[in-house]
Amino acid sequence: MKILVAVKQVAALDEDFEIRDDGRDVDPDFLIRDLNEWDDFSLEEAVKIKEASAEPIDVVAVSVGPEEADEILRKCLAKGADRAVRIWDDAIEGSDPIAVARVLAAVVKREAPDLLFAGVQSSDQSFASTGIATAAFLDWPHAAVVSQLTFTPGAATAVFRRELEGGLLQEVEIQCPAVLTIQLGINTPRYASLRSIKQAAAKPIEVVALSDLGLGAADVGEGGSASRVRRMFVPDKGHAQLIEGGAAAQAARLAAIIREFKGDSA
Amino acid sequence: MSGILVIAEQRRGELRPQSLELVSAAQPLRRPGEVVSVVVLGKAPDRHVSALSVAGVDEIITVEAAIAEFDPDTFETALGALIAQRRPDVVLVPHSVDSFGYAAALAVKLRLGFATDVFDIRRIDGELVATRGGYGQKVSVEVDFPGRSTVLLALRGNSFKAPEQSGAPRITVFEAPPVAARSYLREFIELPAADDVDMTGAEFILTIGRGIGEEANVAQFRELADAIGATLGCSRPIADAGWLPKSRQVGQSGKTASACKLYIAMGVSGAIQHLAGMKHVSTIVAVNSDAGASIFGVAKYGIVGDIFEVAAELRRQFAGDAA
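Read on for an overview of the structure. Since we're looking at a predicted model, the values are computed, not measured.

The next subject is the packing of helix α2 (residues 70–78) of chain A against helix α5 (residues 194–202) of chain A. For any two helices packed against each other, the geometry comes down to the angle between their axes and how far apart the axes lie. All names here are of chain A. Axis separation between α2 and α5 bottoms out at 8 Å; the angle between their running directions is 125°. By the angle class used here, α2 and α5 are oblique. Like other packed secondary-structure pairs, α2 and α5 cross with a definite hand, here right-handed. Here α2 contributes R74, L77 and A78 to the contact with α5, which in turn contributes S196, I197, A200 and A201. When grouped by side-chain class, the residues that make up the contact of α2 with α5 number 5 nonpolar, 1 polar and 1 charged.

Our next topic: the environment of R30(B). Residue and element names in this part refer to chain B. By secondary structure assignment, the location of R30 is in the loop between α1 (18–26) and β4 (36–42). On the basis of relative accessibility, which here comes to 26%, the residue R30 falls in the partly exposed class. Along the chain, R30 and P163 lie 133 residues apart, while their C-alpha atoms are 16 Å from each other. Residues in contact with R30, not counting those within four places in the same chain, are I4, V35, V36, G56 and D58. A distance of 3.0 Å separates the side chain of R30 from the backbone oxygen of E34, its partner in a polar contact. Of note is the side chain of R30, whose polar atom sits 2.8 Å from the backbone oxygen of G56.

In spatial order, the strands read β11(A)-β5(A)-β4(A)-β1(A)-β6(A)-β10(A)-β7(A)-β8(A)-β9(A)-β12(B); together these 10 strands make up an open sheet with mixed pairing. If you trace the sheet from one side to the other, it starts and ends with β11 (206–208) of chain A together with β12 (183–190) of chain B, each paired once. For this sheet the average axis-to-axis angle between neighbouring strands, irrespective of direction, equals 35°. Of the strand pairs in this sheet, strand β1 (residues 2–6) of chain A and strand β6 (residues 115–119) of chain A are connected by 3 bridges, and their pairing is parallel. Within the sheet, the bridge partner assigned to I3(A) lies in β6(A) and is L115(A).

What counts, and at which threshold
- Residues numbered from 1 in each chain as written.
- Chains lettered and ligands numbered in written order.
- Predicted model: local features only at pLDDT ≥ 70, side-chain atom pairs only at ≥ 80, totals over all residues.
- Heavy atoms only, no water.
- Axes fitted to C-alpha atoms, helices over the stretch in contact; angles between N-to-C directions.
- Helix = DSSP H or I, 4+ residues; strand = E, 2+ residues; numbered from the N terminus.
- Parallel < 35°, antiparallel > 145°, perpendicular 65-115°, else oblique.
- Left-handed = near helix turned anticlockwise from the far one by under 90°.
- Contact = heavy atoms within 4.5 Å.
- Nonpolar A, V, L, I, M, F, W, Y, C, P; charged D, E, K, R; others polar.
- Buried < 20%, exposed > 50% of the residue type's maximum accessible area, 1.4 Å probe, protein only.
- Polar contact = N/O pair within 3.5 Å; in protein donor to acceptor, adjacent residues only side chain to side chain.
- Pairing = 2+ DSSP bridges.

Structure (structure tokens):
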């Protein structure tokens, strides 16, 4: 029994940043990298199932990314993943979620897990597409925005809740193997202990080449993608009228706004 | 390749409001003679025909499905067959929890150009260009779709205004191929109110976010909310951590604060889902120590400062008022 967890090393912008010379991305010097927040929850969900199971379960963290993505895979190993797999080739640079999904699907075929978890979306590019696109390449049943999951290892189906808009939930049963995209709040992700961080540092990260997966350069990058970045820019967005002064003066102005509102609505 | 397909979304017999926003988004994309068709899929889809008969819709395509509610296999099979038959140049869907479940799969299966969370679309030299956010909405990203004859775009809610005038579209029935669904909807569950708060009806909300730091700090903001006469709400991380019940979460996936007129957000950075759920509020005041927080982009007033200091001073301002 095996659960594959797709994880992404996301990037946040430094307070000050510059757009790259070609105008199509941010200069990488200004990016702060970390494990995607959603993926922390999907990894925890897999580890929880493993810990509750009588039969052995392998939790495998998989990431499509360059060598620096080893950092998030080590984090996954420290938090309870049994193995970590990273796929990279320079041709993957510039891939959109569809091209990344094609690579992930090839890994899933090789690993043959019972479930694939992915985050609902990434905190940086927020496509909310990679998990479900992977399911399409595999032709597996799939569901998005899972906020509660009941799965007994070996069972033919899983039962979960989807978090819809406006505080509504849906309870759904799905045939396995399946792809589920996991929502924030489904569990409380653990912190890795110092000991497990040390142990994870000694574990191998399996590096897989595109050719090992039967894929070529044409399957990834811009050619393998369903969209192409034309231009990235800082938008002229509206900005709040700033209330200046110290906390006391700011609070006094805020109090006036509140009293005015109450006067109006009374 | 001609025509624009708009995929309407319905749930429990109600058309979702984003469906009509897509109709407006489609208009500037029309090329001469090009038709805008709205697709409505479900059990007895005819019931939505009158609501969808708005200005700018030339045709409504009804697709009868065996399953009343959204199901990924049903949607992908029916829409896949329709797109293959019509060969439209643009397909518009809402960027919603349901489309998260099928749009990317449709793009893969039909080899469509594809982008999500799009808030602006235009044609530049005849080529479709979509704009979306990047790096947590700090930048805008223009994408195009070289070599793709059909492009599927998922549009962010509240980015386009629904048409107000009615229209007289023709009605077409599309027979979808049979499908064996691999998942099964058991039931809908309403979020139970853990305390007797009504966020939906609240006109004045004070919301707390990650900036409050720890659970022990919730109490002082609860007292502040009482003192100023606001309903206490929270952003997702606070509800997920269990510091406040889920029924107090506002934003897209929490309760819709539809009656809210004055909204004070303290320590809320402003994830897109949160902002999208509050966009209708006339007066948003954001208090945050990070001058670069996204919420300052939608707020009317901004206070860059320590939320604890501002909260304490505000409390003092209302100290003489009866609770």
